[in-house]
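# Examining the three-dimensional arrangement
Below are the chains, spelled out letter by letter.
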Amino acid sequence: MDNLSGVLNHLSISARVFYTGAMCGISNFNEPQVDQGHIHLVKQGQVKIESTIHPTIEVNEPTLIFCPKPFSHRIVSQPDSDAELVCASVEIGSSSSNPIANALPDFVVVPLTSSEMLEHSVAWLFKEAFQEQQARQPMLDRLSEIVIIQLLRYVLEKEQSLQGLLRGLTHPQISKLIQALHQQPEKNWNLEEMASIAAMSRSKFAQIFKDTLNQTPADYLTDWRISIAQTYLDKGYPVNWVANKVGYENSSVLARVFKKKTGVSPSQWRQRKTGMEPVD
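A few points on the structure. (Residues numbered from 1 in each chain as written. Predicted model: local features only at pLDDT ≥ 70, side-chain atom pairs only at ≥ 80, totals over all residues. Heavy atoms only, no water.)

## As for the nonpolar core
Using the following cut-off: Working definition of a nonpolar core: buried Ala, Val, Leu, Ile, Met, Phe, Trp, Tyr and Cys residues. They are joined through side-chain atoms within 4.5 Å. For the exposure calls, accessible area comes from a 1.4 Å probe over protein chains only, and a residue counts as buried if that area is under 20% of its type's maximum, exposed if over 50%, partly exposed in between. Numbered from the N terminus, helices here are DSSP runs of H or I no shorter than four residues, and strands are runs of E no shorter than two. Throughout, a contact is declared for two residues whenever any of their heavy atoms are within 4.5 Å.
With 71 residues, the main nonpolar core has Ile39, Leu64, Phe66, Ile100, Leu151, Phe205 and Leu254 as its most contacted residues. In terms of residue count, the dominant contributor to this core is helix α4 (residues 136-158) (9 residues). Here Leu254 is in contact with Ile226, Ala229, Val239, Val242, Ala243, Val246, Tyr248 and Pro266, once residues within four sequence places are set aside. The next biggest cluster of nonpolar side chains, apart from the first, holds 14 residues, and it includes Ile65, Leu85, Cys87 and Phe107.

## What about unusual backbone geometry?
A positive phi angle, near 60°, is found at Ala199, a position not held by glycine. Mapped onto the secondary structure, Ala199 falls in the loop between α7 (191-197) and α8 (202-213). On the basis of relative accessible area, Ala199 is assigned to the exposed category, the value being 61%. Backbone geometry at Asn214 places phi at a positive 70°, although glycine is not the residue there. Position of Asn214 among the secondary structure elements: in the loop between α8 and α9 (217-234). A relative accessible area of 66% means that Asn214 is categorised as exposed.

## Topic: the packing of helix α3 (residues 116-129) against α4
Formally: Axis geometry follows a simple rule: fit a line to the C-alpha atoms, using only the stretch in contact for helices, then measure angles between N-to-C directions, giving values from 0 to 180 degrees. Any angle that is under 35 degrees is reported as roughly parallel, and any over 145 degrees as roughly antiparallel; angles of 65 to 115 degrees are reported as roughly perpendicular and all others as oblique. Each crossing gets its handedness from the near helix: less than a right angle anticlockwise from the far helix is left-handed, clockwise is right-handed. As a working rule, the residues Ala, Val, Leu, Ile, Met, Phe, Trp, Tyr, Cys and Pro are called nonpolar, Asp, Glu, Lys and Arg charged, and the rest polar, with Gly in that last group.
α4 packs onto α3 with a crossing angle of 165° between their chain directions and a minimal axis gap of 9 Å. As judged from the angle between their axes, α3 and α4 are roughly antiparallel. Handedness of the crossing formed by α3 with α4: left-handed. Of the residues in α4, those touching α3 at Met117, Leu118, Ser121, Val122, Trp124, Leu125, Glu128 and Ala129 are Arg136, Met139, Leu140, Leu143, Ser144, Ile146, Val147, Gln150, Leu151 and Tyr154. Taken together, the residues of the contact of α3 with α4 sort by class into 13 nonpolar, 3 polar and 2 charged.

## Side note on the environment of Pro105
Counting through the fold element by element, Pro105 comes out in the loop between α2 (99-103) and β9 (108-111). A residue is classified by how much of its surface remains accessible, and Pro105, at 27% relative accessible area, is partly exposed. For the pair Pro105 and Arg16, spaced 89 residues apart in sequence, the C-alpha separation works out to 21 Å.

## Details of the state of the cysteines
The test is simple: When the sulfur atoms of two cysteines come within 2.5 Å, that pair is taken as a disulfide.
Enumeration according to the criterion identifies 0 disulfides in this entry. Unpaired in this structure, Cys67 has its nearest cysteine sulfur neighbour in Cys87, at a distance of 12 Å. By relative accessible area, which is 0% here, Cys67 ends up buried.

## Quick look at the packing of aromatic side chains
The line we're drawing: Aromatic pairing here means that ring centres of Phe, Tyr or Trp (its six-membered ring) are within 6.5 Å. Orientation follows from the plane angle: under 30 degrees is stacked, over 60 is edge-to-face, and everything else is tilted. Counted as over-ring charges are cases with an Arg CZ or a Lys NZ within 6 Å of the ring centre that also lie within 35 degrees of the ring normal.
Counted under the stated rule, the structure contains 7 aromatic pairs. Taken together, a centroid distance of 6.3 Å and an interplanar angle of 55° make the contact between Phe126 and Phe130 tilted. On the basis of relative accessible area, Phe126 is assigned to the buried category, the value being 8%. By the ring-pair criterion, three or more aromatic residues cluster together here, those being Phe205, Phe209 and Tyr220. The positively charged end of Lys43 is found above the aromatic ring belonging to Phe130, 5.4 Å away from the centroid.

By themselves these figures say nothing about function.
Right, here's the structure in full:
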């Protein structure tokens, strides 16, 4: 299994197209939903993407704009620009703090002509978006998810502005360890075992890992375990079962680490996300 597949098997991508058509004036995304990013696909025309966290993005050709985290922003188009867009909300995994979202820039901007595969997939999406057919909504949603996976492929191939997990996946030795951690989050890992898989000495491994992912191996493993725990909790699994599945001896240990990372207990997380009553 390739490294990206190993990640996406645990952090599933979910997209929901909520707008298709001409756009004139200002469309605000000032109250983003928790854990939701956005993807904007410009079919034609001129638009600007404005936000307080990034310089204004000006687009005048078919372009993909991906905002992986729930940042406030707005789209501006002039009356004579003939702008047409498809917009979707996006969730990767169960939290905006997941390693994929954290590994990407605040905004990823890709002219469609720069990637043949992206251009073909988005062309299919545009065809579905601008005509009425049976099962239009689920088709748009699934195509949007395919586009995001192809975007991740593109980003990895270009190796530009990568950080965190995605940068680690491009490292020939560190990527082997990441794959092992992802496959066995429940294992009682130690630094010596990690360094052995990466074929490095302990000291060299610890330094290269931190330089590559911007955090220690232990911190990365903890973050990964919590991300997986969030996914299991969202599916309704008991907290004690989740704790054992991600490498903690009981629910109390998981709860302590979970609250330190997220600010809430596992049961509170599940209740907040799903409305389910706490079940330990």
